Amino acid sequence: MINDVYGTHGFAPDVIEIKDDTARILINREAQKFFTLRFATDDSARKPVPRLWRSAKYLSPAKQDKPLLGLKIALDPGHLGGHWAKMEERWFQVGNSKPVQEGDLTLRVARILATRLRDLGAKVSFVRSTDEPTTGKRPDDFRELARKILIKNGVPQPRADVLDPTDPTREQTIRWQSEIFFYRYSEIRRRAALVNFKLHPDLVLCLHFNAEGWGDPTNPMLTDINHLHLLVNGSYLADELEFDDERFEMIRRLLSRAYDQELPLADTIAGAMARETGLSPYAYPTTNSTTNVGTSGYVYARNLLATRLYRCPVVYCEPYVMNSKDVFVRIQAGDDEGTRNINGAEQKSILREYADSVADGLVEYYSKTRGGSRSPNAMSQTAPSAN
Ligand SMILES: [Zn+2]
């Protein structure tokens, strides 16, 4: 897994040294502290992995019409909505049409999906259920930190504010940096705390819409390009593995074996989404930060904050290019039951197509893999039973 999933871009030789029966893992670069991980000599010597989520084979078999019975799914609608969308640069508007805001679309998909999953027996929770942030912090709380980081990164006298939204050096302002600390780092770490210490789901679904560069958000470029891909955690950069905390989180994730669950799940969901949306797989322009994994052709490993920090299987969905001509028209058409004629074809609402295809993928996966094996895992026996 180190070679094929997590460390695919290489890493310094002392970061992890794998020998026949042990692995030596760097704990602290500065103090040169190491941890020795001893491999089990055989299956009976394996120690159980302490974790709170249950994989499909330890869920009791379920009736055909409730294939997700007892499964705890947390839905994580990506980004924020409402008036935060502009700050996040997840907003564009064509003429006088309704602005497109990714954080609003993902929440609407999550609500439709939640209803379907509950009908199938799942226990559904929301990592974000309104358009407001989960974190209690706000950009102003990070101004001093933003100033210090900018100075450290070679901007001796950072400007306070962005004067012109199209200014290419806007990223060097205290405002822009403190906003990133707020809506990305603080917000996602707060969501991780919710997932890890309160919700304890068996699976998190991160819901996003993709986009191609749209340039000026008030006069965006629309494109013919449209595609789909899904992400699981992995593909760490050598530089990222130099950080003691990221290396620790990577090792914890690897040893939790979340990958054994999230990869086949992502592949199966990708298959259903590809079938129902007709979208072709996204090809990253470079392989610098991603690694193609699985068998569907749609799934990549990538080290995102959410996929790294949520301590359970995480499938991160990136269907639809919001500023493709087809998707834009479908978003403007809104959400209706049934189909209507859009761009010359009878189509479902894009939000329902998204939610239905994810739900169908989950049904397909859990219908064939629920086992009812007794869990060898001491901690998971304290988790609520599937019955
Ligand atoms: Zn997104």
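All values reported here derive from a predicted model rather than from experimental measurement.

Asks: Any chance you could explain the overall build of the chain here in plain terms?
Replies: Broken down by element type, the chain carries nine helices and 14 strands. For 387 residues, the compact-globule estimate of 2.2 N^0.38 gives 21 Å, and the C-alpha radius of gyration of the chain, at 22 Å, lies within 12% of that figure. Projected onto the principal axes, the alpha-carbon positions of the chain cover approximately 65 × 60 × 35 Å. Within the chain, the fraction of its 387 residues that count as buried is 49%. In the chain, 74% of the contacts between residues at least 6 apart in sequence involve partners at least 24 apart. Just so you have it, the chain exposes about 18700 Å², and 51% of that area is on carbon and sulfur atoms. Distance from the positive charge centre (52 side chains) to the negative charge centre (51 side chains) of the chain: 6 Å.

Asks: Help me understand the coordination of the zinc ion in this model?
Replies: For a metal with four donors in a tetrahedral arrangement, the ideal angle between donors is 109.5 degrees, while six donors in an octahedron ideally sit at 90 or 180 degrees. Every protein donor of the zinc ion is listed here as H79 (NE2), E102 (OE) and H208 (ND1), and their distances to the metal cover 2.1 to 2.2 Å. Of note, the zinc ion draws all its donor residues from one chain, in the sequence arrangement H-x22-E-x105-H. Pair noted here: H79 is in the loop between strand 4 (72-77) and strand 5 (91-92) and E102 is in helix 2 (residues 102-119), with a separation of 23 residues, a long-range link. With respect to class, H79 is no different from E102; both count as buried.

Asks: Got a minute to help me understand the pattern of salt bridges in this structure?
Replies: Evaluation of the coordinates by the stated rule reveals 24 salt bridges. With a closest N to O distance of 2.6 Å, D202 and R54 form a salt bridge. Of the two residues, D202 is situated in the loop between helix 4 (174-199) and strand 8 (203-207) and R54 in the loop between strand 3 (33-38) and strand 4; the sequence distance between them amounts to 148 residues. Across this residue pair, the class does not change: D202 and R54 are buried. With a closest N to O distance of 3.3 Å, E353 and R330 form a salt bridge. Highlighted residues: E353 in helix 9 (residues 350-369) and R330 in helix 8 (residues 325-333), separated in sequence by 23 residues. A relative accessible area of 4% means that R330 is categorised as buried. Three or more residues joined by partner-sharing salt bridges are found here, namely R116, K348, D356 and D360.

Asks: In this structure, what is going on with the side chain of R170? I would like to understand it.
Replies: Structurally, R170 can be placed in the loop between helix 3 (143-152) and helix 4. For R170, the side chain forms a polar contact with the side chain of E89, separated by 3.3 Å. Each residue touching R170, except ones within four places of it in the same chain, is listed here: E89, V162, P165 and W176.

Asks: What is the right way to look at unusual backbone geometry in this model?
Replies: Residues apart from glycine generally show negative phi values, whereas peptide bonds are mostly found in trans. Positive phi outside glycine occurs at Q32, with the angle close to 55 degrees. Looking at the secondary structure, you find Q32 in the loop between strand 2 (22-28) and strand 3. Backbone geometry places E89, a non-glycine residue, at a positive phi of 60 degrees.

Asks: Which parts of the structure should I look at to understand the environment of K66?
Replies: Positionally, K66 belongs in the loop between strand 3 and strand 4. You can call K66 partly exposed: its relative accessible area is 31%. Filtering out sequence-adjacent residues up to four positions away, K66 remains in contact with D119, L120 and G121.

Cut-offs applied
Residues numbered from 1 in each chain as written. Predicted model: local features only at pLDDT ≥ 70, side-chain atom pairs only at ≥ 80, totals over all residues. Heavy atoms only, no water. Helix = DSSP H or I, 4+ residues; strand = E, 2+ residues; numbered from the N terminus. Rg over C-alpha atoms; globule rule 2.2 N^0.38 Å. Buried < 20%, exposed > 50% of the residue type's maximum accessible area, 1.4 Å probe, protein only. Contact = heavy atoms within 4.5 Å. Areas by Shrake-Rupley, 256 points an atom, 1.4 Å probe, with all protein chains shown as cover. Lys, Arg positive; Asp, Glu negative; His and termini not counted. Charge placed at Lys NZ, Arg CZ, Asp CG, Glu CD. Donors = N, O, S within 2.8 Å, 3.2 Å for Na, K, Ca; no water. Salt bridge = Lys/Arg side-chain N within 4 Å of Asp/Glu carboxyl O. Polar contact = N/O pair within 3.5 Å; in protein donor to acceptor, adjacent residues only side chain to side chain.

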